[in-house]
Structure formats: C-alpha cells, structure tokens
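Structural overview
These are the residues of each chain, in order.
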Amino acid sequence: MRVERAFVVMEGAFGLAPGGSSANDAAMRALPVLESRMAVREALPVPPAGWGEGALPLLHDERGRVYRYLRLSVTDRCDLACVYCMPPGGEHEHAVRRELLSFDEAAQVVRTFTAMGIRRVRLTGGEPLVRKDVVRLVELVRRTTEVERIALTTNATRLSELATPLRRAGLDAVNVSLDTLDPGRFAELTRGGSLEQVLAGIHAALDAGLEVKLNAVLMRGVTDLEAPRLVDWAWERGIVPRFIELMPLGEAAQLPRDVRVGADEVRARLGARLAPEGSLEAGAKDHGPARYAMAADGSGRRVGFITPLSNEFCDTCNRVRVTAMGDIRACLASRRAVSLRDVLRTSAGDPERALSWAIWWALAGKERGHRFLDASADEHERVGMSLIGG
Ligand code: SAM
Ligand code: SF4
C-alpha cells in the first residue's frame, strides 16, 4: 500500500547555548549550536474502506520485516545528562504534560500494538523512572493489555525505591545503563550522577527478583579499558553485560569518530574470559538485536554485543518506537513520525481502528536502514536519543 507522503516540520530552528562541561576529555567539550530535534510529522491519509473490520494484520513492512517489539518512551526528561546523549544542561525542548501520552492513551497504544502482533514492550525515555507514577503505568499495561513481557531501560538512579513496587506491578526485567565503575568518571560522563546510587539500584532490582542486564556504551580514551571490569562485576552478580556501539546520533554525532569502539575491539579486550572462537550467537527469538559470546569456562555466562555500526542489523529489525508525545518513529535514525496521540485525540468512534491504521501506515514504507555512515544523510545529529527513547 503506497501513499504519497506529506511532511510537516513541527518546530522551528533554535539555538542551544554552549554550556560548561565538567568533563576532562576532549570528547566531552561543549557542543555547537543545533537545530530542532523534534519530529517531522507526516500527514496521515484516511484508511482504506473496510480497514479494521475483522482481525488486524500482523505488523510488517514492505521489505518483509515483522515487528514484535515496542519501545515506548514515557518521558523526554532525564535526571542525568550523559555526554553522548544530552546537551550540557539537558535538551532545550521538552513536552509539557498535556503533550505527553496519558497513561490511558499509552495503554490503548500498547493494546493496539498487541492486536497487531507485538509481544514485548520496553518502557524507556529520557529516564522512565522520573515519570510521576510510572509504577501505575506498569500496572495498567500489565492488567489491561495482552503483552507477554514488560521491561524497562533505566539509569537506575531511582531503582532503589522503585524496584520492588515495579516488580509487584508486573515488570519483568530492567536493562541498566552503566559505562564505568569509577565514581569520578561516572560523575563526569553523566554530568553529576552518583555511581553509589546506581549500584544500590541494581542491587535492589536483583533483590526484587527482576531480571537484570547491564548495557555499556564505551568510548575510546574514556571508558574503553573498563570492559573487563564491567564483565567481571556483572558476572559475579548473575547479570548479563552487553556492549552497545556508540551511534553517531544526536550529541554523539558531534563527537570525533575515533571515540567509537567496535565490538571486535571489546571482544579482544575481554581476552581469555570468552571462548576463543565462534561467531556471536543470536539471543532468543523475537528479542532485540544483541548477539552473544560465551564464557570460556563453560559456565554458560554470556556477554552481549549490539553492533549497529560494525554489523548492521537493519534487515532484521523487529522493533518500533513510540515517543513520550506519542509519535511513532519507524526508525531511530529518522525524524519522520506519525502522531498516534493526535489520532487518538481526534478520532471519533473505535480508537483501535484509527490507531491501527496510523501504525500500519507509519511502518509500511519504512526505509531499509539507518545510513549512519553516509555523510550525505544529515538527519543524525537532529535525532535526540533521550527525546525518542534510545
Ligand atoms: N535513561 C535510560 C538509560 O540511560 O538507560 C533510558 C534511555 S537511554 C537514551 C537508552 C540507552 O541509549 C542507554 O543505554 C544509553 O547508553 C544509550 N545511548 C544513548 N545515546 C546513544 C548513542 N549515541 N549510541 C548508542 N547508545 C546510546
Ligand atoms: Fe539520561 Fe539515559 Fe540519556 Fe543518560 S543515556 S542522559 S541516563 S536518557
């Protein structure tokens, strides 16, 4: 189903004031003025006659990719400002409350996605735990949708207090982002974060019975030497560590290329900890794009690698993103969006019919891949990770 697309630029250009960074690495200096990172919304055509009568189609696109996994951002705000994710002082544009999906709207969005084949939901942000009453949202999604698994990606600053209530509300798992075990470096990288608070949050999550993974984005000359320590620390606690290649998006698009550390380099640094040969193994069916190397000692412990640059996985992409404002973004690397919030707030009658058409249309024409390494594709630095939900 091919339809002419119309684009509406939602926000005008604006300037970011260069701010003082406490970081001591050249890669962390103040960044130049940027244009808006808000979505470019597409006008939605009316659904074809008969749409929504009977069962909804399983979500797939024109390239045959099937979607099973929803990343739902619940806020565009964060209590940290990691140097590769946020401008100093935070993003300059934020949604006000009425612009955010309400909890009821978010649950309706999840219900419609599950009717179209989505099985897993990950709540993200910004920092999802700064959204007021996020525990209530988890409970609502668990109680009113048929989603099989609810996970959350977090910086863990508020996990000490929230791990047990989240578990009780129906959360299955957390991925905690942690790039260093050095308190001073952590404070620099996050522009003021407390490592102690994060470690306490991780322990609270384990105590609450949540499945925990650790996600690290390493940077050369900053954290690249930490890989072995992070793996040992995680393995000692029964946590699966994973390394994500830094993508040249948003703030990271402005960092020098040589700060990027490829998965092969991290594997080499882990040396004898990992089984010497063999390619990386895919994770469980319908999970994300991580591939895993096994421990050399036969213990079954694993290290995950997410390799958007060194081994692009766009051809098998099974994930779809919805921002805190309710924009569905088919690809992380593109600002094109369709506003599910506006569809919900303006549709008379059956919300599932209107929503499912918007979701279908937004994904049907999804581009082949991210083109991070194509210099002529200039969108990347206008994609704010914390605004979309990384
Ligand atoms: N605040 C939460 C957290 O930090 O886990 C959730 C949102 S954060 C945007 C999600 C993940 O995106 C984090 O693991 C972060 O390290 C990662 N991230 C941010 N910018 C990135 C980039 N340019 N390339 C790769 N990963 C990035
Ligand atoms: Fe916040 Fe997560 Fe981005 Fe760090 S990576 S600034 S914790 S949204």
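Use the structure listed above.
What you are looking at is a predicted structure, and each value in this text was computed from that prediction instead of being measured.

**Considerations on the environment of Phe-305**
- Position of Phe-305 relative to the elements: it lies in strand 11 (residues 302–306).
- Overall, Phe-305 belongs to the buried group, with 21 C-beta atoms counted inside 10 Å.
- A sequence separation of 64 residues divides Phe-305 from Pro-241, and the C-alpha atoms of the two residues are 8.8 Å apart.
- Filtering out sequence-adjacent residues up to four positions away, Phe-305 remains in contact with Arg-242, Phe-243, Ala-263, Leu-280, Ala-290 and Arg-291.

**Side note on helix 1 (residues 103–115)**
- Spanning 13 residues, helix 1 covers 18 Å between terminal C-alpha atoms, matching the ideal 18 Å at 1.5 Å per step.
- Within the sequence span of helix 1, burial applies to Ala-106, Val-109, Val-110, Thr-112 and Phe-113. Projected onto a plane normal to the axis of helix 1, the buried residues spread over an arc of 165° and lie on a single side.
- Looking at the buried residues of helix 1, the elements they touch are strand 3 (69–73), strand 4 (120–124), helix 2 (134–144), strand 12 (319–322), helix 8 (340–346) and helix 9 (351–364).

**Things to note about the pairing of strand 14 (residues 336–339)**
- Because side chains alternate across strand 14, one face comprises the buried residues Arg-336 and Val-338, and the other comprises Ala-337 and Ser-339, equally buried.
- As judged from the 2 bridges shared by strand 2 (residues 40–42) and strand 14, these two strands associate in the parallel manner. When the bridges of strand 14 are listed, Arg-41 appears paired with Ala-337.
- Note: strand 13 (residues 327–329) against strand 14, 2 bridges, orientation antiparallel.

Conventions we followed
Residues numbered from 1 in each chain as written. Chains lettered and ligands numbered in written order. Predicted model: local features only at pLDDT ≥ 70, side-chain atom pairs only at ≥ 80, totals over all residues. Helix = DSSP H or I, 4+ residues; strand = E, 2+ residues; numbered from the N terminus. Buried ≥ 20, exposed ≤ 12 C-beta atoms within 10 Å, placed from the backbone. Contact = placed C-beta atoms within 7 Å. Expected span 1.5 Å × (residues − 1). Arc of directions from axis to C-beta. Pairing = 2+ DSSP bridges.

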